[in-house]
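A structural walkthrough
So the chains spell out like this:
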Amino acid sequence: MQALAPEIILAIAAGLILLVEAFLPRLRKHLSELTLIAVGGALWARVTMPLPGSVWSDALRIDGLASFVDIYILIAVFLTVWMAGPFLRRLEADHGEFYALLLLASVGAMVMAASVNLLTIFLGLELLSIPLYVLNAFLRQTGISLEAGLKYFVVGAFASAFVVYGMALLYGATATTNIVDIGERVVAAGELNPLLAIGLAMVVGGLAFKIALVPCHAWAPDVYQGSPTPVTAFLSVVPKGAALIVLLRLAVGMDLLHVSGRWVLGISIVAVASQVLGNVVAIVQRDVKRMLAYSGIAHMGYALVAVLVAGRDGGTAVLVYFTAYTLMNMGAFAAIALMSEREDRPHLIEDLKGQGYHRPMAALTLTVCLFSLAGVPPFLGFTAKFMVFRAAVNEGFVLLAIIGVVNSLLSAFYYLRVIYALYMEPLPDPEPKLEPSLPIAAAATVAALGVLVLGTYPGPVLEAAASAILSLVR
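Scope of this entry: the structure provided in the associated data block. The numbers attached to residues start from 1 for each chain and follow its sequence in the written order. Reporting of local features is limited, given that this is a predicted model, to residues whose pLDDT is at least 70; pairs of side-chain atoms are given and counted only at 80 or more, and all residues count toward the totals for whole chains, interfaces and linings. With hydrogens and water stripped out, all remaining heavy atoms of the structure feed into the side-chain values.

So, the overall build of the chain
On a plain count of helices and strands, the chain comes out with 20 helices and two strands. In this treatment the radius of gyration is a C-alpha quantity, and the globule benchmark scales as 2.2 Å times the residue count to the 0.38 power. In terms of overall size, the chain behaves like a compact globule, its C-alpha atoms giving a radius of gyration of 21 Å where 474 residues would be expected to give roughly 23 Å. Reported as C-alpha extents along the three principal axes, the dimensions of the chain are approximately 70 × 55 × 40 Å. Type-normalised accessible area, obtained with a 1.4 Å probe on protein chains alone, sets the label of each residue: buried when under 20%, exposed when over 50%, and partly exposed for intermediate values. In the chain, buried positions account for 60% of the 474 residues. Should any heavy atoms of two residues lie within 4.5 Å, those residues are counted as being in contact. Looking at the chain alone, contacts between residues at least 24 apart form 81% of all its contacts between residues at least 6 apart. Going along the chain from the N terminus, every DSSP run of H or I of four or more residues is numbered as a helix, and every run of E of two or more is numbered as a strand.

Structure (structure tokens):
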């Protein structure tokens, strides 16, 4: 049980928070602080406890890879809770179930990241997804939030059906649910038989919905726009990271790069299509959250190239990209929450005009995160994209690397458009009435500093990622 201490801490905390709200009314104002303590305890447990290896009859492997991903999931949760407290109090929606659901969703993501068994992958996926259905519709008084929750529920249920049916086919073809055993059978055969290929395609297709890859991306802009901004920040990072790790374990375990030419072709097409569509459509967006949704589609296209390459270089690139994307998106959405007047209307780019001088710290953190998302040095986003493109070139996918660089240059247009509005446009008339919030500002600043410091000195992240991936690739 020691191996699962972080998950146990979060699960117990979720139950206690609900009890505190029900029976200790004096502590209701401190629910976010109590949640932060629980997340901090889980993070301390994961960092300090030794890695025990396999648990639950080898269904979960708490190895270096799982530990690395858990740390960044917990950092994302910590930043989400940090900004959610004042955000929800401002909207008179600060209820214990928000934090309980968020913690349970985090447990699901951590289970997915550690799973080497199809059954626990699906259990983690559902434990992650079901709380998010509720969290997306948490602002029940606003129609746009209810719409976001309904859309995510419909798409999520459809994706789960794809995943579970694909897993059934994989089990039918191999008589095992263990990814390692499935991989050994595939490598021994030297090819994917039709049943295995269909099952794998359905599993990958279902996970593609969670990652918002083309052609499974249509839900993302509406859900990002309608969800409470802290939930959007969490949704943009944690489910995608967990799903990417599952894809990486499948790709490495089955050696799909060398076993299946159709896998290489299919993943290459999806990666390029995601990059092109995400960046092109983001250019015409007027809502900054919708713009970041399409930006996220493009970024997952870049990350998918690293999943395709797999191996030591590709795996390291996936982890570095997950780290960068976590900090960039958390910082960007925290800054947007600071500069948003209301949640029942679109977050228009034109509403950010002049905020570079009216709210200088919020605007600066957003600028740093947008530059990093564009891949501008010395920020961490540049390092992450460099790792992905280097891995692609080393494996012979030069064309994919060139397409990625071109798309990255294209993305600079819409990121710079937001920065231009912040600093080069006058404040709108009437001026937006923005309430200051020190916790949200602190969360945005911490994320932006992480992007800058780790981009300038990327050694620790690169070494940690390279070490973590050794537990999967030797």
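Notes on the packing of aromatic side chains
For this analysis, a ring pair means two rings from Phe, Tyr or Trp (six-membered ring only for Trp) whose centres lie within 6.5 Å, classed as stacked if their planes differ by under 30 degrees, edge-to-face if by over 60, and tilted for the remaining angles. On inspection of all chains with the given rule, the structure shows 16 aromatic pairs. Where Tyr224 meets Phe333, the ring centres are 6.2 Å apart and the plane angle is 65 degrees; that geometry is what we call edge-to-face. Here Tyr224 is found in helix 9 (residues 219–226), whereas its partner Phe333 is found in helix 14 (residues 311–338), with 109 residues between them in sequence. For the pair shown, Tyr224 and Phe333 are each scored as buried. Taking 6.2 Å as the distance between ring centres and 90 degrees as the angle between the ring planes, the aromatic pair formed by Tyr302 and Phe389 counts as edge-to-face. Here Tyr302, found in helix 13 (residues 288–309), pairs with Phe389, found in helix 17 (residues 380–394); they are 87 residues apart in sequence, far enough to count as distant.

Here's the deal with the packing of helix 5 (residues 118–136) against helix 10 (residues 229–253)
Contact geometry of helix 5 with helix 10 gives a least axis separation of 12 Å together with a crossing angle of 170 degrees. Viewed along their axes, helix 5 and helix 10 adopt a mutual orientation that is roughly antiparallel. The two elements helix 5 and helix 10 meet at a crossing, and its hand is left-handed. Each of Ile121, Leu128, Leu132, Leu135 and Asn136 in helix 5 lies in contact with helix 10, whose residues at this interface are Val231, Phe234, Leu235, Val238, Pro239 and Val246. In this count, Pro and Cys sit with the nonpolar residues alongside Ala, Val, Leu, Ile, Met, Phe, Trp and Tyr, while Asp, Glu, Lys and Arg are called charged and the others, Gly among them, polar. Looking at the contact of helix 5 with helix 10, its residues break down into ten nonpolar, one polar and no charged. Between N-to-C directions, angles cover 0 to 180 degrees, with each direction set by a line fitted to C-alpha atoms, over the stretch in contact for helices. Note on terminology: angles under 35 degrees are roughly parallel, angles over 145 are roughly antiparallel, angles of 65 to 115 are roughly perpendicular, and the others are oblique. Throughout, a crossing is termed right-handed when the near helix is turned clockwise from the far one, and left-handed when it is turned anticlockwise from it by less than a right angle.

A short note on helix 14
One fewer than the residue count of a helix, multiplied by 1.5 Å, yields its expected span. If you check helix 14, its first and last C-alpha atoms are 41 Å apart, about what 28 residues at 1.5 Å a residue would give, namely 40 Å. Along helix 14, 25 of the 28 residues are buried, which leaves the element largely enclosed by surrounding structure.

Quick look at the environment of Met300
Among the secondary structure elements, Met300 is positioned in helix 13. Sequence spacing of Met300 and Ile269 is 31 residues, and the spatial spacing of their C-alpha atoms is 13 Å. Sequence-distant contacts of Met300, that is, excluding residues within four places in its chain, are made with Ile211, Leu213, Lys240, Leu244 and Tyr325.

Some words on the side chain of Gln285
If you trace the backbone, Gln285 turns up in the loop between helix 12 (261–283) and helix 13. Look at Gln285 and you get buried, because its relative accessible area is 10%. A distance of 3.3 Å separates a polar atom in the side chain of Gln285 from a polar atom in the side chain of Arg290. Not counting chain neighbours up to four residues away, the residues in contact with Gln285 comprise Arg290, Met291, Tyr294, Ile349 and Arg417. Polar contacts, as used here, are pairs of N or O atoms within 3.5 Å; protein pairs need one atom able to donate a hydrogen and one able to accept it. Residues neighboring in sequence count only if both atoms are side-chain atoms.

A closer look at unusual backbone geometry
Both trends apply: most residues other than glycine have a negative phi, and most peptide bonds are in trans. Note that the residue after Val214, namely Pro215, is joined by a cis bond; omega there is 5 degrees. Inspection of the secondary structure assignment puts Pro215 in the loop between helix 8 (194–211) and helix 9. Each neighbour pair has its own omega, and for Pro377 with Pro378 the value is 10 degrees, a cis peptide bond. Tracing the backbone through its elements, the reader meets Pro378 in the loop between helix 16 (360–374) and helix 17.

So, a nonpolar patch on the surface
The patches reported here contain residues having more than 30% relative accessible area and no salt bridge. Joining distances are 9 Å for like charges and 5 Å for nonpolar side chains (Val, Leu, Ile, Met, Phe, Trp, Tyr). Only the protein chains shown count as cover for residues, with accessible areas throughout obtained via the Shrake-Rupley method and a probe of 1.4 Å. Criterion for a salt bridge: a side-chain nitrogen of Lys or Arg within 4 Å of a carboxyl oxygen of Asp or Glu. On the surface, Ile12, Leu16, Leu19, Phe23, Leu24, Leu27, Leu34 and Ile37 cluster together to form a nonpolar patch covering roughly 780 Å² of accessible area. Listing elements by their share of the nonpolar patch, those giving two or more residues are helix 1 (5–23) and helix 2 (31–48). It is helix 1 that contributes the most residues to the nonpolar patch, four residues altogether. Along the chain, the position of Leu27 falls in the loop between helix 1 and helix 2. A relative accessible area of 34% places Leu27 in the partly exposed class.

Here's the deal with the packing of helix 8 against helix 10
Interaxial distance between helix 8 and helix 10 falls to 9 Å at its minimum, and their mutual angle equals 160 degrees. If you check the angle between helix 8 and helix 10, you find them roughly antiparallel. The way helix 8 lies across helix 10 gives a crossing that is left-handed. Between helix 8, through Leu200, Val203, Val204, Leu207, Lys210 and Ile211, and helix 10, the contact on the second element is made entirely by Lys240, Ala243, Leu244, Val246, Leu247 and Leu250. Within the contact of helix 8 with helix 10, the residues separate by chemical class into ten nonpolar, no polar and two charged.

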